[in-house]
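Take a look at the letters that make up each chain.
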Amino acid sequence: MKSIFSVALLLLVCSLSLFAQNAGGIRLGVGAEGGVPTGDFKNFSDFGIGGLAIGMYDVDANLTISLSSGYVKFSGKDLVVSGTTVKTDFSAIPILAGV
């Protein structure tokens, strides 16, 4: 668990958006992201890690349309339910659009 947390923390601190293109008002990039479960979700899952893609389009000097999406995988915990051990894990595909 400590090694996963250390690697995730390192990725979080060192994550940079890498812009592959910047021509004609279109910008594309990739990045890394992490997630920490809170509330009741932390009873079933540990830290999550994933990646994302970012796209932005400059409509004019004062307006940019953006879209980002990615994939986050949370490692699960072993739970005992009625004497049976159950492995839990969770994946998410976050989508964010903005103006």
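1. Points about the overall build of the chain
- In terms of helices and strands, the chain carries one helix and eight strands.
- Reading the chain from its N end, one meets helices and strands in the order α-β-β-β-β-β-β-β-β.
- Buried residues in the chain amount to 18% of all 99 residues.
- Carbon and sulfur atoms make up 66% of the accessible area of the chain, which amounts to about 7,000 Å² in all.

2. A closer look at the confidence of the model for the chain
- Scored by pLDDT, the chain comes out at a mean of 81, with 76% of its residues at no less than 70.
- Model confidence for the chain, summarised as mean pLDDT per element, is weakest for strand β1 (residues 18-23) at 45 and strongest for strand β8 (residues 95-98) at 94.
- In the predicted structure, residues 16-23 sits below a pLDDT of 50 and forms 16 contacts with residues beyond four places in sequence or in another chain.

3. Digging into the packing of aromatic side chains
- Evaluation of the coordinates by the stated rule reveals three aromatic pairs.
- A ring pair is formed by Phe41 and Phe74, whose centres lie 5.2 Å apart and whose planes are at 80 degrees; its orientation type is edge-to-face. Taken together, the positions of Phe41 in the loop between β2 (26-35) and β3 (45-60) and Phe74 in strand β4 (residues 63-76) put the pair 33 residues apart, joining distant regions of the chain.
- Residue Phe41 is classed as partly exposed on the basis of its relative accessible area, which comes to 29%.
- Residue Phe74 is classed as buried on the basis of its relative accessible area of 10%.
- Measuring from centroid to centroid gives 6.0 Å for Phe74 and Phe90, while their planes differ by 45 degrees, and the two rings are tilted. Of this pair, Phe74 sits in strand β4 while Phe90 sits in strand β7 (residues 90-92); the two residues are 16 residues apart in sequence, bridging distant segments of the chain.

Conventions adopted
Residues numbered from 1 in each chain as written. Predicted model: local features only at pLDDT ≥ 70, side-chain atom pairs only at ≥ 80, totals over all residues. Heavy atoms only, no water. Helix = DSSP H or I, 4+ residues; strand = E, 2+ residues; numbered from the N terminus. Buried < 20%, exposed > 50% of the residue type's maximum accessible area, 1.4 Å probe, protein only. Areas by Shrake-Rupley, 256 points an atom, 1.4 Å probe, with all protein chains shown as cover. pLDDT = per-residue confidence, 0-100. Contact = heavy atoms within 4.5 Å. Phe/Tyr/Trp six-rings, centres within 6.5 Å; stacked < 30°, edge-to-face > 60°.

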